[in-house]
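# Coordinate inspection notes
Here is how the chains run, residue by residue.
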Amino acid sequence: MANAEIGVIGGSGFYSFLEDVSEIRVETPYGPPSDSLYLGELAGRSVAFLPRHGRSHTVPPHKINYRANLWALRSVGVRQVLGPCAVGGLRTEYGPGTLLVPDQLVDRTKSRAQTFFDGEPLPDGSVPNVVHTTFADPYCPLGRAAAMGAARGRGWEPVDGGTMVVVEGPRFSTRAESLFHAAMGWSVVGMTGHPEAVLARELGLCYTSMALVTDLDAGAETGEGVSHTEVLRVFGENVGRLREVLFDAVAALPPTESRDCLCTHAHDGWDLGIELP
Ligand SMILES: [Zn+2]
């Protein structure tokens, strides 16, 4: 199986122009991931790119096979994952173009498979045990430091920390929901950050979110509410800049073997019952 040490889950805008990208299809016990993996070299690191919504953006947030996506990345050797995503700002000071590197997460999704430890046998006959994964700090501190440094290096002062609330979607929030999220002190709202982060942790992967604010959420703005056109426009304006930061973050991630962060100790003392890929 082809080898990559770093995974990037994001749109095709992040890898389509790289030279010598090879496409591989990966099957998992959970079915197919969102798309092929695209493997390439970046700053001397081997990277696997996975379009979260499929290459033609046809998979909505609540239908993404998150388990297959993370399993596929790990099965080609990935141990550190960067997850850029588009979010809505819940405070007026987090306007469009803000880059936030969250340190906390709130799950408000409803329908998603969010664990590998569900007692269902794998094709090889092994059965996952009941495992309670440590998730107090959902993001990798080493990855967060790399992302923050990369953004600053490109003159983009990021917001250091904050809470991303993840909603089911695919609709945007009502004003009441948005005001509730803001009143709780949360920072941004997205649709894909969960269960991506927890599934990464369950596989012992380092996971770092990089959240680009594309709009103010309904409770924080005064107009008609979030429009898809506006989201696309702001994302388009910032995708080049985000790509530069992302690539610098890849280069700044610690050597995979030497890292000793909390992510690598999530299952200390547990018998998983299954072999991770
Ligand atoms: Zn880590």
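As shown above, the structure is provided for reference.
Residues numbered from 1 in each chain as written. Predicted model: local features only at pLDDT ≥ 70, side-chain atom pairs only at ≥ 80, totals over all residues. Heavy atoms only, no water.

### Examining the pairing of strand S1 (residues 6-9)
Where burial is concerned, the two faces of S1 agree: the one with Ile6 and Val8 and the one with Gly7 and Ile9 are both buried. Where S1 and strand S4 (residues 45-50) come together, 4 bridges link them in parallel fashion. Paired with Val8 across the bridge in S4 is Phe49. As judged from the 3 bridges shared by S1 and strand S5 (residues 80-89), these two strands associate in the parallel manner. Bridging from a neighbouring strand, Gly7 pairs with Val81 of S5. (Buried < 20%, exposed > 50% of the residue type's maximum accessible area, 1.4 Å probe, protein only. Helix = DSSP H or I, 4+ residues; strand = E, 2+ residues; numbered from the N terminus. Pairing = 2+ DSSP bridges.)

### Observations regarding the packing of helix H1 (residues 66-75) against helix H4 (residues 193-202)
Where H1 contacts H4, the two axes come as close as 9 Å, and the packing angle between them is 40 degrees. Our classification of the angle between H1 and H4 gives oblique. Regarding H1 and H4, the two cross each other, and that crossing is right-handed. Residues Tyr66, Arg67 and Leu70 of H1 pack against His194, Pro195, Glu196, Leu199 and Ala200 of H4. (Axes fitted to C-alpha atoms, helices over the stretch in contact; angles between N-to-C directions. Parallel < 35°, antiparallel > 145°, perpendicular 65-115°, else oblique. Left-handed = near helix turned anticlockwise from the far one by under 90°. Contact = heavy atoms within 4.5 Å.)

### A closer look at the coordination of the zinc ion
Around the zinc ion, the donor atoms from the protein are Cys140 (SG), Cys206 (SG), Cys261 (SG) and Cys263 (SG), and they sit 2.2 to 2.3 Å away. With 4 donor atoms in place around the zinc ion and angles of 95 to 118 degrees between them, the coordination shape is tetrahedral. For the zinc ion, the donor residues sit on a single chain with the sequence spacing C-x65-C-x54-C-x1-C. A residue pair is termed long-range when its members are at least 10 positions apart, and Cys140 in the loop between strand S7 (104-108) and helix H2 (141-153) and Cys263 in the segment after helix H5 (228-252) qualify at 123 residues. Take Cys140 and Cys263: they sit in the same class, and that class is buried. (Donors = N, O, S within 2.8 Å, 3.2 Å for Na, K, Ca; no water. Tetrahedral: all angles 85-135°; square planar, octahedral: opposite > 155°, others 65-115°.)

### Concerning the environment of Val26
Following the sequence through the fold, Val26 ends up in the loop between strand S2 (22-24) and strand S3 (37-42). For Val26, a relative accessible area of 5% puts it in the buried group. Residues Val26 and Gly10, 16 residues apart in the sequence, show an inter-C-alpha distance of 17 Å. With residues up to four places along the chain from it excluded, the contact list for Val26 reads Pro33, Leu37, Ala72, Ser75 and Val76.

### Topic: the packing of aromatic side chains
The final tally for this structure, using the stated rule, is 8 aromatic pairs. With 5.2 Å between their ring centres and 65 degrees between their planes, Tyr30 and Phe116 make a pair best called edge-to-face. In this pair, Tyr30 sits in the loop between S2 and S3 while Phe116 sits in the loop between S7 and H2, placing the two residues 86 residues apart along the sequence. Exposure remark for Tyr30: the relative accessible area of 16% places this residue in the buried category. For Phe116, a relative accessible area of 1% translates into the label buried. Grouping aromatic residues by their ring pairs yields a cluster made of Tyr15, Tyr38, Phe49 and Phe247. Here Arg241 stacks its cationic end above the ring of Trp156, 3.8 Å away from the centre of that ring. (Phe/Tyr/Trp six-rings, centres within 6.5 Å; stacked < 30°, edge-to-face > 60°. Lys NZ or Arg CZ within 6 Å of the ring centre and 35° of its normal.)

### Some remarks on the pattern of salt bridges
Applying the stated rule across the entire model yields 13 salt bridges. Of the charged contacts in the structure, one is a salt bridge between Arg55 and Asp35, with a shortest N-O distance of 2.7 Å. Of this pair, Arg55 sits in the loop between S4 and H1 while Asp35 sits in the loop between S2 and S3, placing them 20 residues apart in sequence. Judged by relative accessible area, Arg55 falls into the partly exposed class, the value being 41%. Taking the shortest distance from any N to any O, the salt bridge between Arg67 and Asp118 comes out at 3.0 Å. Of this pair, Arg67 sits in helix H1 while Asp118 sits in the loop between S7 and H2; the two residues are 51 residues apart in sequence, bridging distant segments of the chain. Residues joined by salt bridges that share partners form a network here, namely Glu23, Asp35 and Arg55. (Salt bridge = Lys/Arg side-chain N within 4 Å of Asp/Glu carboxyl O.)

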